[in-house]
Amino acid sequence: MAIWVIVADSSRARILSAASVTAPLIELEDFVHNESRLPAQALVTDRTSQRKDFGGHGRHTMGHEKTANIQEAKDFARELCAEIDSKAQKGDFHRLYIIAPPKFLGTLRSIISKTALERVAGEISKNLVRHNIEDIRSHLPQKL
């Protein structure tokens, strides 16, 4: 059974796999969540910024933009965890390492199923999603 390494951030996730504890990593899949890559303004409707309040001043959407970005990250984390959970239930991997920036790692932890969580052998709080496979491997234990 394979060992999986999930390398993710709020807009992209890569699933890497090793056939054994010392085997090289190979990339199985690359997920991109395009909505997370949009500017925050694009996620919030223009209507809010065009309305006037009683004082005649335009309303701004800054609070809504931050909320929209957080929601998109959570949506992507749910999609990613659903994929991980499905593969865990099928027995596609027996051990899992997760590498993600601290905030997104926390989001993943809060969503991942108990079945998949039981297979987590390690977590690394770093953003390595755009790094090459050799660099990612250097951050993991010598024996997976």
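The present account deals with the structure reproduced in this document. (Residues numbered from 1 in each chain as written. Predicted model: local features only at pLDDT ≥ 70, side-chain atom pairs only at ≥ 80, totals over all residues. Heavy atoms only, no water.)

A look at the overall build of the chain
What the chain contains, in helices and strands, is seven helices and five strands. When the 144 residues of the chain are sorted by exposure, 40% land in the buried category. A fraction of 64% describes how many contacts in the chain between residues 6 or more apart in sequence connect residues 24 or more apart. Approximately 8400 Å² of the chain is accessible, and the part contributed by carbon and sulfur atoms is 50%. (Helix = DSSP H or I, 4+ residues; strand = E, 2+ residues; numbered from the N terminus. Buried < 20%, exposed > 50% of the residue type's maximum accessible area, 1.4 Å probe, protein only. Contact = heavy atoms within 4.5 Å. Areas by Shrake-Rupley, 256 points an atom, 1.4 Å probe, with all protein chains shown as cover.)

Regarding helix α5 (residues 102–111)
Within α5 the residues assigned to the buried category are F104, L105, T107 and L108. Taken down its axis, α5 places every buried residue within 160° of arc, on the same side. Of the residues in α5, the exposed ones pointing more than 90 degrees away from the buried face are P102, K103 and S110. (Arc of directions from axis to C-beta.)

Comments concerning the sheet that holds strand β5 (residues 120–125)
Pairing within the open sheet is mixed, and its five strands lie in the order β3-β2-β1-β4-β5. The open sheet is flanked by β3 (26–32) and β5, the only strands paired with a single partner. With strand direction ignored, the average angle separating the axes of adjacent strands in the sheet is 15°. As judged from the five bridges shared by strand β4 (residues 93–100) and β5, these two strands associate in the parallel manner. Counterpart to A100 in the pairing with β5 is S125. Helix-sheet contacts for α5 involve β1 (2–8), β4 and β5, and the interaxial angle to β4 is about 145°. (Pairing = 2+ DSSP bridges. Axes fitted to C-alpha atoms, helices over the stretch in contact; angles between N-to-C directions.)

Notes on the pattern of salt bridges
Pairing between side chains of opposite charge can happen when their charged atoms approach one another. Under the defined criterion, the tally for this structure stands at six salt bridges. For the salt bridge of R14 with E27, the shortest nitrogen-to-oxygen distance reads 2.9 Å. Highlighted residues: R14 in strand β2 (residues 12–18) and E27 in strand β3, separated in sequence by 13 residues. Since its relative accessible area comes to 33%, E27 is described here as partly exposed. Ionic pairing is found between K87 and D92, a salt bridge with its closest N-O pair at 3.9 Å. Each of the salt bridges in this network shares a partner with another, and the network as a whole consists of E83, K87 and D92. (Salt bridge = Lys/Arg side-chain N within 4 Å of Asp/Glu carboxyl O.)

Brief notes about the side chain of R12
As for its position among the elements, R12 is in strand β2. By relative accessible area, which is 16% here, R12 ends up buried. Here the side chain of R12 touches D30 through a polar contact of 2.7 Å, side chain to side chain. (Polar contact = N/O pair within 3.5 Å; in protein donor to acceptor, adjacent residues only side chain to side chain.)

Some thoughts on the environment of D75
Mapped onto the elements of the fold, D75 is located in helix α4 (residues 62–90). Residue D75 is classed as partly exposed on the basis of its relative accessible area, which comes to 26%. Sequence separation between D75 and H33 is 42 residues, and the spatial gap between their C-alpha atoms is 9.1 Å.

Here's the deal with the packing of aromatic side chains
Under the definition given, this model contains two aromatic pairs. The interplanar angle of 20° and the centroid separation of 4.7 Å between the aromatic rings of W4 and F93 together place this pair among those described as stacked. Of the two residues, W4 sits in strand β1 while F93 sits in strand β4, which places them 89 residues apart along the sequence. With a centroid separation of 6.1 Å and 20° between ring planes, the pair formed by F76 and F104 is classed as stacked. Placement of the pair is F76 in helix α4 and F104 in helix α5, with a sequence separation of 28 residues. (Phe/Tyr/Trp six-rings, centres within 6.5 Å; stacked < 30°, edge-to-face > 60°.)

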